[in-house]
Amino acid sequence: MGTLRFAVRLLNANSSVPNRVVNGINKKPNSTTHGEGPATGEEVEIDVTFTNPILLPAGHYFFRPEVLVTGGGDFLFLSAPKPIVSPGTAIVGDLQAWIRNSDLAPDWLRIGTDIINNTTPPPTFNMTFSLTGNTLPGAGTPGQANCHGESISGLAAQFGGIDAAASALGFSSVQALQNSFRAFCEP
């Protein structure tokens, strides 16, 4: 049984971008290729639902999408406007989009700064994805002895009981919820 559910929605059958990076990815010091020019194709939105919920401590995460494209063509991940404008929340620091290919692995290059790099200062790109879910204000701290107890107590308080928490969060049983929090709390 799969643990992911996908929904795909066509946003624009004829979308255009002014530049793309697909094959022009070279190791430093020759990494600046300026991209490969414009492209046109379908713009789709892919919603992924974790059918078995996952637990993530607060923090920054590296997201790496891979999509199998049949019948030829490339999967291109669109960039979002930068700077982030209201009502979005600006992100502090250099968290721009990175890319690699098999010739570059295991290293990565910044798409704007290392590859496009045709202006001063070089461009940076935000990637277009979002992660939504439930937050648990009373969650314990992974690696701490009281993590599991604090987390379960916080869930029970937030949802009016542990059974209600398991149901609301999509767990198949209270035991499945308990097991997920045990894994979350392990160092």
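Note that this is a predicted model, so its numbers are computed, not measured.

Undergrad: Explanation requested: the overall build of the protein chain in the structure shown.
TA: Helix and strand counts for the protein chain come out as four helices and six strands. Ordered by position in the sequence, the α and β elements of the protein chain form the string β-β-β-β-β-α-β-α-α-α. Along the first, second and third principal axes, the C-alpha set of the protein chain runs to 55 × 35 × 35 Å. Each of the 187 residues in the protein chain was classed as buried or not, and the buried ones make up 21%. Partitioning the intrachain contacts of the protein chain with sequence separation of at least 6 by distance along the chain shows that 60% fall at a separation of at least 24. As displayed, the protein chain offers around 12800 Å² of accessible surface, 54% of which is attributable to carbon and sulfur atoms. Mean positive and mean negative side-chain charge positions of the protein chain (10 and 14 charges, respectively) differ by 4 Å.

Undergrad: Would you explain the side chain of S15 in this entry?
TA: Mapped onto the secondary structure, S15 falls in strand 1 (residues 4-17). Overall, the relative accessible area of 14% leaves S15 in the buried class. A polar contact of 3.5 Å, which involves the side chain of S15, links it to the side chain of E43. Excluding residues that lie within four positions of it along the chain, S15 makes contacts with A39, T40, G41 and E43.

Undergrad: Can you walk me through the packing of aromatic side chains in this structure?
TA: The geometry of two aromatic rings is summed up by the distance between their centres and the angle between their planes. Within this structure, the stated rule accounts for two aromatic pairs. Between the aromatic rings of F181 and F184, the centroid separation amounts to 5.8 Å while the plane-to-plane angle is 70 degrees, which identifies the pairing as edge-to-face. Note that F181 and F184 are positioned in helix 4 (residues 174-185) at a spacing of three residues, about one turn of the helix. Residue class for F181 comes out buried when judged on its relative accessible area of 4%. Taking relative accessible area as the criterion, F184 reaches 13% and is therefore assigned buried.

Undergrad: In this structure, what is going on with the pattern of salt bridges? I would like to understand it.
TA: For side chains bearing opposite charge, pairing can occur when the charged atoms are close. All chains considered together, the criterion is met by three salt bridges. A salt bridge links R9 to E45; its shortest N-O distance comes to 3.1 Å. In this pair, R9 sits in strand 1 while E45 sits in strand 2 (residues 39-50), placing the two residues 36 residues apart along the sequence. Close ionic contact of K28 with D114 constitutes a salt bridge, the shortest N to O distance being 3.5 Å.

Undergrad: Would you mind showing me how to read unusual backbone geometry here?
TA: Keep in mind that most residues, glycine aside, have a negative phi and that most peptide bonds are trans. Cis geometry is found at the peptide bond from K28 to P29, where omega equals 15 degrees. Turning to its location among the elements, P29 is positioned in the loop between strand 1 and strand 2. Each neighbour pair has its own omega, and for A105 with P106 the value is 10 degrees, a cis peptide bond. As for its placement among the helices and strands, P106 is situated in the loop between strand 4 (98-99) and strand 5 (109-110). In this structure, H34 takes a positive phi of about 65 degrees despite not being glycine. Relative to the elements of secondary structure, H34 occurs in the loop between strand 1 and strand 2.

Undergrad: Sorry if this is basic, but what is going on with the environment of N117 here?
TA: If you trace the backbone, N117 turns up in the loop between helix 1 (111-116) and strand 6 (126-127). On the accessibility criterion, N117 (28% relative accessible area) is partly exposed. When the C-alpha atoms of N117 and T33 are compared, they prove to be 8.1 Å apart, with 84 residues separating the residues in sequence. Of the polar contacts made by the side chain of N117, one reaches the backbone oxygen of T113; its length is 3.4 Å.

So, how was this worked out
- Residue positions are given per chain, counted from 1 along the sequence in the order it is written.
- At least 70 in pLDDT is required for a residue's local features to be given in this predicted model, at least 80 for side-chain atom pairs to be given and counted, and no such filter applies to totals for whole chains, interfaces and linings, which use all residues.
- Each side-chain value is worked out from all heavy atoms of the structure, with water and hydrogens disregarded.
- Put simply, DSSP marks the helices as runs of H or I at least four residues long and the strands as runs of E at least two long, and each gets a number from the N terminus on.
- Here the term buried applies to any residue with accessible area under 20% of the maximum for its type, exposed to any over 50%, and partly exposed to those in between, with areas from a 1.4 Å probe on protein chains only.
- Every residue pair with non-hydrogen atoms within 4.5 Å of one another is taken to be in contact.
- Reported accessibility uses the Shrake-Rupley method at a 1.4 Å probe radius. Residues are deemed covered only where the shown protein chains occlude them.
- Under this rule, positive means Lys or Arg and negative means Asp or Glu; His and the chain ends count for nothing.
- To locate a charge, take atom NZ for lysine, CZ for arginine, CG for aspartate or CD for glutamate.
- Pairing of N or O atoms within 3.5 Å defines a polar contact, subject to two protein rules: one partner must be a possible hydrogen donor and the other a possible acceptor, and residues neighboring in sequence count only if both atoms are side-chain atoms.
- Here the aromatic set is Phe, Tyr and Trp, taking the six-membered ring for Trp, and pairing holds for ring centres within 6.5 Å; pairs whose planes are under 30 degrees apart are stacked, those over 60 apart are edge-to-face, and all others are tilted.
- One speaks of a salt bridge when a side-chain nitrogen belonging to Lys or Arg is within 4 Å of a carboxyl oxygen belonging to Asp or Glu.

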